[in-house]
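What follows is the residue order along each chain.
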Amino acid sequence: MSKSTKKVGDKKKRRKNPDCPHCRTGSETFRYSKSVFKFDVDLAREIVGDGREPIELHPDDVKHSVDTTRIYSDHVQHVDPQYPGIVAQIWYPEPNGTLLHGDTLIDGHHRAARCLQDSLPYRVYVLTEEESQRILIKGPDKAEAQQIADAAREHHQEELTAAH
Ligand SMILES: [Zn+2]
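This one's a predicted model, so the numbers in the text were calculated from it and none came from an experiment.

A. Just the overall build of the protein, in detail. Of regular secondary structure, the protein possesses 6 helices and 7 strands. Moving toward the C terminus, one meets the helices and strands of the protein in the order β-β-α-β-α-α-β-β-α-β-α-β-α. The dimensions of the protein, computed from C-alpha atoms along their principal axes, are 70 × 30 × 30 Å. Burial status across the protein gives 26% buried among its 164 residues. Within the protein, contacts between residues at least 6 apart in sequence are counted, and of these 74% link residues at least 24 apart.

Set out below in structure tokens:
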């Protein structure tokens, strides 16, 4: 068995089911947080095909990713849990002006569900800050999120001052 992880994007290796609409291949994007964010999953797969090592995702994070995504239970049986998922970093401005920095699974939710179900470790490739910005199709990037957060904080300060 080769330890190469270069075949991650090779969909032919997956155990597809012709009757399952979720097994169909095609260009993929992932929407997150009520579609505030949209990611280019195809580009993300290309980026992580560079030979980097996947890391094991904490079981709590696997569960969170599965719980917050729509999972098609039939499709869970069609995916190969040995293929790592992909995690991207996001920046999000809160209404009070706090800039949140977090990460989110953008690819492999059904594989995560499968690992959770079968008590298997789930591994993910993690995108760098710069790579995470590159795959962002929609939603604030780091600089925009910072600007929005700054503006919200200033506005919040003005309101506090006006109240006195
Ligand atoms: Zn399927």
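B. Layout of the sheet that holds strand β1 (residues 29-32). Within the open sheet, the 3 strands sit side by side as β1-β2-β7. Their pairing is antiparallel. A strand with exactly one partner marks an edge of an open sheet, and here the two such strands are β1 and β7 (136-138). Direction aside, neighbouring strands of the sheet carry axes that sit 30° apart on average. With 4 bridges joining them, β1 and strand β2 (residues 37-40) adopt antiparallel strand pairing. By the bridge assignment, Y32 is partnered in β2 with F37. Along the sheet face, helix α1 (residues 41-48) touches β1 and β2 and points at about 50° away from the line of β2.

C. Seen up close, the sheet that holds strand β4 (residues 85-93). The strand order across the open sheet formed by 4 strands is β3-β6-β4-β5, and the pairing between neighbours is mixed. A strand with exactly one partner marks an edge of an open sheet, and here the two such strands are β3 (55-57) and β5 (99-107). Between one strand axis and the next, the sheet turns by 50° as a mean value, whatever way the strands run. Pairing analysis gives 8 bridges linking β4 to β5, with the strands arranged antiparallel. Bridge pairing in β5 links V87 to L105. Across the sheet, α1 is in contact with β4, β5 and β6 (122-126); its angle to β5 comes to roughly 85°. Packing against the sheet, helix α6 (residues 142-162) makes contact with β4 and β5, and its axis sits at approximately 30° to β4.

D. Seen up close, the environment of C23. Summarising the element assignment, C23 is placed in the segment before β1. Classification of C23 as partly exposed rests on a count of 18 C-beta atoms within 10 Å. As a C-alpha pair, C23 and K34 span 11 residues in sequence and 24 Å in three-dimensional space. In this structure C23 touches K16, N17, H75 and H78, once residues within four positions along its chain are discounted.

Reading guide: rules and limits
Residues numbered from 1 in each chain as written. Predicted model: local features only at pLDDT ≥ 70, side-chain atom pairs only at ≥ 80, totals over all residues. Helix = DSSP H or I, 4+ residues; strand = E, 2+ residues; numbered from the N terminus. Buried ≥ 20, exposed ≤ 12 C-beta atoms within 10 Å, placed from the backbone. Contact = placed C-beta atoms within 7 Å. Pairing = 2+ DSSP bridges. Axes fitted to C-alpha atoms, helices over the stretch in contact; angles between N-to-C directions.

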